[in-house]
Amino acid sequence: MNKDLKHDFLIHIILIILGILTFYPFAFTIITSFKDNFQFIHNFWGITLPLHFSNYTDAWSRISRYILNSGIVTTISAFGVLAVASISAFVFARFNFPGREFLFLCILSLLMIPGILTLVPAFLLVKRLGLLNTYWVLILPYISGGQVFAIFILRSFIASLPEELFEAARVDGATTLKSFFNIAIPLSKPILVTVAIMNVLGTWNDYVWPLVTIPDGRMWTITVGIVSFSSQYGGLEMWGPMFAGYVIASIPLIVLFFFTMRYFIAGLTSGALKV
Amino acid sequence: MVNDNRRSILSEIIRKKECYLLLLPTFLLLLTFNYYPALSAIYHSLFEWDGANFIRFIGLGNFINLLFHDPTIPLSFLNTLRITIASLLINLTFPLLAASLIFHLRNLRYAYFYRVLFVIPMVVPAMVIFMIWRFIYSPTTGLLNQLLRTIGLEHLTRPWLGDFDLALYAVIFVGFPWVAGTSTLIYLAGFQNIPPELLDAVAIDGASTWTRFWKIELPLIMGQIKLIVILTLIGSIQGFVNIMVMTNGGPGEATMVPGLYLYRNAMYYNKMGYACAIGTFLFLIIIVLTYLNLKYLRSGIEYQA
């Protein structure tokens, strides 16, 4: 144990320095979020008392709507992706039918297409469909785009389940849908959570698409809202509330993270495989 | 015979109609929101188009304009080149160092602790991080200038994001020291896949840390390195959100990048055809780079192994 500590000592020092540099901006954000302007100007670096919790109520009144919008869009999109992708992945993984390989390749090829290419026509399309300023303008494309990678991951997982299970169900006269709901879904729960979280991360962070398709400020998502909020409060030199807003905007995902840490890390790494 | 075959495929398709029916939602969505826009973008790159009524076929006119007549294009691609090189240097060093350090900790509980620690910032929305850094760089109250004043380097203070020469580098510097990202996790996964017997054998041979890193570990995580190179390339070529919210391409056009320029052409100038041409051009670059990367770096691994 002692020898380990000696071996690890230098590593700890470097990692701690990297950690401090990484976390300092966040620490500064939290400290400043409790300051009024007098404290901000006269004690820029330090922690000051009293803590001004009113900064949080102030920021909350301004950005709660954006968080609600993002929450609705993100939740529905994630469940939508799970619903659409899991059934397709199941079909691709467990059935043989003419054109299976070709159709799967059609889906895979979409991983190569950058979002920036489709931006303009997709925008004109949803405009023509009259979807601007609705939740659907975000949810439908998010489900459509999100399912691609989800099908890719879920298919290989469902394909790795033992065939005997499905065979036995078939002998018992179970329909396709029954073996999907009673066998494939329950056994895929962990991977479904990972896929859902990956989607939540992508949707929650998306900026350009909502910026383009949601001109109405009341329907903004958190990313678009926080930029406008930041410019407004920064312009008014309301530093405390501005930083309180940043903290509030970060809380939903941090909470989700602490409840689903294992799946979250898996989701982050597999999200990276999205080439 | 051929006819027979066709008939049997057809009957097979009818027999399996349930499969196609279940795939229908997936393909209806993809056709509407993915295939159609992608094809439409490539098709409309050949037109002068305001996105509504005015549309005129101009062949490769947009591409000729883009390659030879538009001064913003070379400027924005030069910026992308700078960003790409910087991002590659960053992603191939700092996260690799962090992952390697975490992997070599003997105390596994600490290793787990650091891993989780460096994941937490990834959960903070990217936009919040950009906003915090926008504040860090702001001229009067910004953290960086305050720091310089506090340590007596007042003469170095400047409006970082408003400086023609430094703005791009200021944007690249966001997120320093860049260890809390997906790259670290990917490298770590690579290290954990190295057979422990191999490392034990090297330890018995008494190889130095450096030799071990260059001769054993690096070749064995080539797959992860290749992945990170592709991700970084694709990310820096089409990414522009960070630029958009921090400098919006300014000052002047000092930090303009192709993605942002595409966005401007579409949303501000109503030049939808030209925007589609820029998008198509970026798409082609990404395909070529991905192909080269797969080819070049794959043979690299085989050579090393």
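Along each chain, the written sequence defines residue order, and numbers are assigned to residues from 1. To label them, take the chains in the order written and letter them from A, then take the ligands in the order written and number them from 1. In view of the model being predicted, local features appear only for residues whose pLDDT reaches at least 70, and side-chain atom pairs are presented and counted only at 80 or more, with totals across whole chains, interfaces and linings using the full set of residues. Hydrogen atoms and water are omitted, and side-chain values are computed over all heavy atoms in the structure.

Participant: Can you help me understand the layout of surface pockets in this one?
Facilitator: Vacant regions in the atomic arrangement are exposed by a probe of water-molecule size rolled over the atoms. With a 1 Å grid laid over protein atoms only, a set of points is called a cavity when a 1.4 Å probe fits there but cannot get out and a pocket when it is open yet has protein on both sides within 12 Å along at least five of seven lines; lining residues have an atom within 4 Å of a point. Grid points are joined across faces, edges and corners, and a volume is the space filled by probe spheres set on the points. Of the voids in this model, the largest pocket is the one considered here, and its volume is about 550 Å³. Lining of the largest pocket is provided by 18 residues; of these, Leu97(B), Ser100(B), Thr209(B), Trp210(B) and Phe213(B) occupy positions nearest its centre. Secondary structure elements with two or more residues in the lining of the largest pocket: α1 (2–32) of chain A together with α5 (94–104), α12 (209–220) and α13 (222–238) of chain B. Labels follow the DSSP assignment, with helices taken as runs of H or I lasting at least four residues and strands as runs of E lasting at least two, numbered in each case from the N terminus. Of the residues forming the lining of the largest pocket, the biggest block, 7 residues, is contributed by α12(B). Throughout this entry, Asp, Glu, Lys and Arg are counted as charged residues, while Ala, Val, Leu, Ile, Met, Phe, Trp, Tyr, Cys and Pro are counted as nonpolar. The remaining residues, Gly among them, count as polar. Within the lining of the largest pocket, the residues separate by chemical class into 11 nonpolar, 5 polar and 2 charged.

Participant: I'm lost on the environment of Pro121(A) in this one. Help?
Facilitator: Considering the arrangement of structural elements, one finds Pro121(A) in helix α5 (residues 115–128). For each residue, the accessible area found with a 1.4 Å probe, counting protein chains only, is set against the maximum for its type, and the residue is called buried under 20%, exposed over 50%, and partly exposed in between. Look at Pro121(A) and you get buried, because its relative accessible area is 2%. For Pro121(A), the residues in contact, after removing those within four places along its chain, are Pro37(B), Ser40(B), Ala41(B) and Cys276(B). Contacts are residue-level and defined by heavy atoms, with any inter-residue pair within 4.5 Å sufficient.

Participant: Got a minute to help me understand the interface of chain A and chain B in this structure?
Facilitator: Often, the extent of an interface is quoted as the loss of accessible area upon association of its parts. At the junction of the two partners, chain A supplies 92 residues and chain B supplies 92 residues. Here the quantity called buried area is the accessible surface, traced with a 1.4 Å probe, that two parts lose on coming together, added over both. Together chain A and chain B conceal approximately 8,100 Å² of surface at their shared face, both sides included; 82% is due to carbon and sulfur atoms. Only one rule defines a salt bridge in this text: a Lys or Arg side-chain nitrogen within 4 Å of an Asp or Glu carboxyl oxygen. At the boundary of chain A with chain B, the tally comes to 0 salt bridges. Polar contacts here mean pairs of N or O atoms no more than 3.5 Å apart (in protein, one a potential hydrogen donor and the other a potential acceptor; neighbouring residues in sequence count only if both atoms are side-chain atoms). Taken together, chain A and chain B are joined by 16 residue pairs in polar contact (both at pLDDT 80 or more). Considered class by class, the residues forming the side of chain A that touches chain B number 68 nonpolar, 19 polar and 5 charged.

Participant: Can you walk me through helix α3 (residues 61–69) of chain B in this structure?
Facilitator: What sets the pattern is the α-helix's 3.6 residues per turn: residues three or four places apart point alike. Residues and elements named next belong to chain B. Where α3 is concerned, the buried positions are Asn62, Phe63 and Leu66. Down the axis, α3 shows its buried residues gathered within 100° of arc, on one side only. Seen from the buried face of α3, the exposed residues on the opposite side, beyond 90 degrees, are Phe68 and His69. Here the arc refers to the set of directions running from the helix axis out to each C-beta atom.

Participant: Got a minute to help me understand the side chain of Thr176(A) in this structure?
Facilitator: Take Thr176(A): it is sitting in helix α8 (residues 176–187). Sequence-distant contacts of Thr176(A), that is, excluding residues within four places in its chain, are made with Phe90(A), Phe95(A), Glu18(B) and Leu22(B).

Participant: Please explain the packing of aromatic side chains as it appears in this structure.
Facilitator: Pairing of aromatic rings covers Phe, Tyr and Trp, the last counted by its six-membered ring, and requires centre-to-centre distances within 6.5 Å; plane angles under 30 degrees mean stacked, over 60 mean edge-to-face, and any other angle means tilted. Counted under the stated rule, the structure contains 44 aromatic pairs over all chains. Taking the centre distance of 5.3 Å and the plane angle of 75° together, the rings of Phe97(A) and Tyr20(B) count as edge-to-face. Within this pair, whereas Phe97(A) is found in the loop between α3 (54–94) and α4 (100–109), its partner Tyr20(B) is found in helix α2 (residues 17–44), the two belonging to separate chains. Each residue in the set Tyr24(A), Phe28(A), Phe40(A), Phe44(A), Trp45(A), Trp239(A), Phe243(A), Tyr246(A) and Phe135(B) is aromatic and connected to the rest through ring pairs, giving one cluster. It is Arg155(A) that lies over the ring of Phe104(A); its NZ or CZ is 4.0 Å from the centre. A ring is scored as having a charge over it whenever the NZ atom of a lysine or the CZ atom of an arginine sits within 6 Å of its centre and within 35 degrees of its normal. Seen from the ring of Trp160(B), Arg158(B) lies directly overhead, with NZ or CZ sitting 5.6 Å from the centre.

Participant: Would you mind going over a nonpolar patch on the surface with me for this structure?
Facilitator: Residues with no salt bridge and a relative accessible area higher than 30% make up the patches, which join like charges within 9 Å and nonpolar side chains (Val, Leu, Ile, Met, Phe, Trp, Tyr) within 5 Å. For accessible areas, the Shrake-Rupley method is used with a probe of radius 1.4 Å. Any residue's cover is judged against the shown protein chains and nothing else. Nonpolar side chains collect at one region of the surface, where Phe9(A), Leu10(A), Ile13(A), Ile14(A), Ile17(A), Leu21(A) and Leu97(B) lie side by side and expose about 620 Å² of accessible area between them. With 6 residues, the single largest contributor to the nonpolar patch is α1(A). Examined against the element boundaries, Leu21(A) turns out to sit in helix α1. Leu21(A) sits in the partly exposed class, given a relative accessible area of 35%.

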